[in-house]
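Examination of the molecular architecture
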Amino acid sequence: MRCVVTGGNVKVLGKAVHALSRIGDELYLEATESGLSLRAVNASRSAFASFLFAPLFFQQYERGSPSRGGQPLRCKVLMKSFLGVFRSLPALEKTVGKCLLVLRPPAGRLVVQLHCKHGERRAGGPGGRVGRPAEPLPRAPGVTRTHSLASQECERLQAVFSTQRCAHRLRAPAR
């Protein structure tokens with residue numbers, strides 16, 4: 001699996017992870033045709049939460065080759081280790097331009113790369129020529145932070161409940 005998240009969507013992904021961290025201690029990831037699913041369940045299995053990010057959410061989405069028996073790629077990661085990547089959401093929004101998620105099942109690793117952005121450098125600023133507009137210089141290469149998290153293959157995590165017994169429905173637009 002390979003997913004590239006850019007711009008403000010990095011913060012949205014971080015907010016989803018923070019919300020799931022309030023539910024459980026493990027984060028379940030599943031790459032399907034309909035998108036990337038992030039799920040969590042509490043220790044007593046009485047609370048369950050799920051986020052499904054459609055392929056259009058990503059700049060690039062490759063779910064990879066299905067594992068044994070045509071099953072989608074699934075893994076679970078400790079929530080604390082994944083939260084360490086998205087620890088400060090305000091700083092994340094200002095500094096990170098792109099996030100790359102790569103799942104390597106044979107190696108048992110989930111690699112998360114944060115490509116940090118730099119501000120443009122300008123010529124003609126302090127000490128430059130007065131009255132002449134500043135001209136942009138080429139961007140300096142950004143810093144890339146790589147987090148290699150241990151992951152385990154797992155079975156599908158799905159809540160079992162009857163929709164007929166649910167009296168209320170909550171629906172909200174994306175914006």
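Worth saying up front: this structure is predicted, and the values here are computed from it rather than measured.

**Side note on the sheet that holds strand 5 (residues 60-62)**
Taken together, five strands build an open sheet; the order of strands is 5-1-7-8-11 and the sheet is antiparallel. The two strands at the open ends of the sheet, each matched to only one other strand, are strand 5 and strand 11 (144-150). Ignoring which end each strand starts from, the neighbouring axes of this sheet average 15 degrees apart. Note that strand 8 (residues 109-116) and strand 11 share seven bridges and pair antiparallel. The residue bridging Gln113 from the neighbouring strand is Thr146, located in strand 11. Against the sheet, helix 1 (residues 9-21) touches strand 1 (2-6) and strand 7 (96-104), its axis set at about 110 degrees to strand 1.

**Re helix 1**
With 13 residues, helix 1 extends 18 Å between its outermost C-alpha atoms, agreeing within 8% with the 18 Å of an ideal straight helix rising 1.5 Å per residue. Here helix 1 has its buried residues at Val10, Leu13, Gly14, Ala16, Val17 and Leu20. Buried residues of helix 1, viewed axially, fall in a sector of 160 degrees; they line one side.

**A word on the environment of Tyr28**
With respect to the helices, strands and loops of the structure, Tyr28 is situated in strand 2 (residues 26-32). Classification of Tyr28 by relative accessible area gives buried; the value is 9%. Note: C-alpha distance between Tyr28 and Glu153 (125 residues apart in sequence) is 9.5 Å. Reaching out from Tyr28, the side chain makes a polar contact with the side chain of Glu26 at a distance of 3.1 Å.

Reading the values: the criteria
- Residues numbered from 1 in each chain as written.
- Predicted model: local features only at pLDDT ≥ 70, side-chain atom pairs only at ≥ 80, totals over all residues.
- Heavy atoms only, no water.
- Pairing = 2+ DSSP bridges.
- Helix = DSSP H or I, 4+ residues; strand = E, 2+ residues; numbered from the N terminus.
- Axes fitted to C-alpha atoms, helices over the stretch in contact; angles between N-to-C directions.
- Contact = heavy atoms within 4.5 Å.
- Expected span 1.5 Å × (residues − 1).
- Buried < 20%, exposed > 50% of the residue type's maximum accessible area, 1.4 Å probe, protein only.
- Arc of directions from axis to C-beta.
- Polar contact = N/O pair within 3.5 Å; in protein donor to acceptor, adjacent residues only side chain to side chain.

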